[in-house]
Amino acid sequence: MNKKQIRPQDGENNIEVWEDLVHIKDLVLSIVICTVITLGAYLIAPNEPPKPLIYGLIGAVIGFVISSIAIKPKRTLRFAEEREE
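About the thresholds
- Residues numbered from 1 in each chain as written.
- Predicted model: local features only at pLDDT ≥ 70, side-chain atom pairs only at ≥ 80, totals over all residues.
- Heavy atoms only, no water.
- Salt bridge = Lys/Arg side-chain N within 4 Å of Asp/Glu carboxyl O.
- Buried < 20%, exposed > 50% of the residue type's maximum accessible area, 1.4 Å probe, protein only.
- Patch = residues over 30% accessible without salt bridge, like charges linked within 9 Å, V, L, I, M, F, W, Y side chains within 5 Å.
- Areas by Shrake-Rupley, 256 points an atom, 1.4 Å probe, with all protein chains shown as cover.
- Helix = DSSP H or I, 4+ residues; strand = E, 2+ residues; numbered from the N terminus.

Draft legend 1. Looking closely at the pattern of salt bridges. This model, assessed by the stated rule, comprises 1 salt bridge. Its salt-bridge partner being glutamate 48, residue lysine 51 comes within 3.4 Å of it at the nearest N-O pair. With relative accessibility at 33%, the residue lysine 51 sits in the partly exposed group.

Following this line, the structure appears as C-alpha cells:
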C-alpha cells in the first residue's frame, strides 16, 4: 500500500517547516510554551555549575511534552493501492 498525505486547506495560515505544513498559531504557541518552561526551570535552578543546565534541559523536555499533548496533529492519511498495468 502507498501512503499519501493530504494537506490542510490552502486558505489556512500555514508555513512549511521541514517539508511539512504547520499552523503558524500552533508553532508560536509551542515555542512560547517551551521557552517559558525552559527559562523558568533555568532560573529556579540552584547556582551550582551543572544544575542550571540540567534544570533547563528538563524544562525543555517538559515543554515539549506539554506542547505535544496540547497541540494535536492536523494531518490525515489516506491509503491508496497501487494499480498494476
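Draft legend 2. Seen up close, a nonpolar patch on the surface. A surface patch of nonpolar side chains, about 540 Å² in accessible area, is lined by Ile44, Ile54, Tyr55, Ile58, Ile62 and Ile66. No other element matches the 5 residues that helix 2 (residues 50-70) contributes to the nonpolar patch. The residue tyrosine 55 is located in helix 2 in this model. Take tyrosine 55: its relative accessible area is 33%, and that puts it in the partly exposed class.

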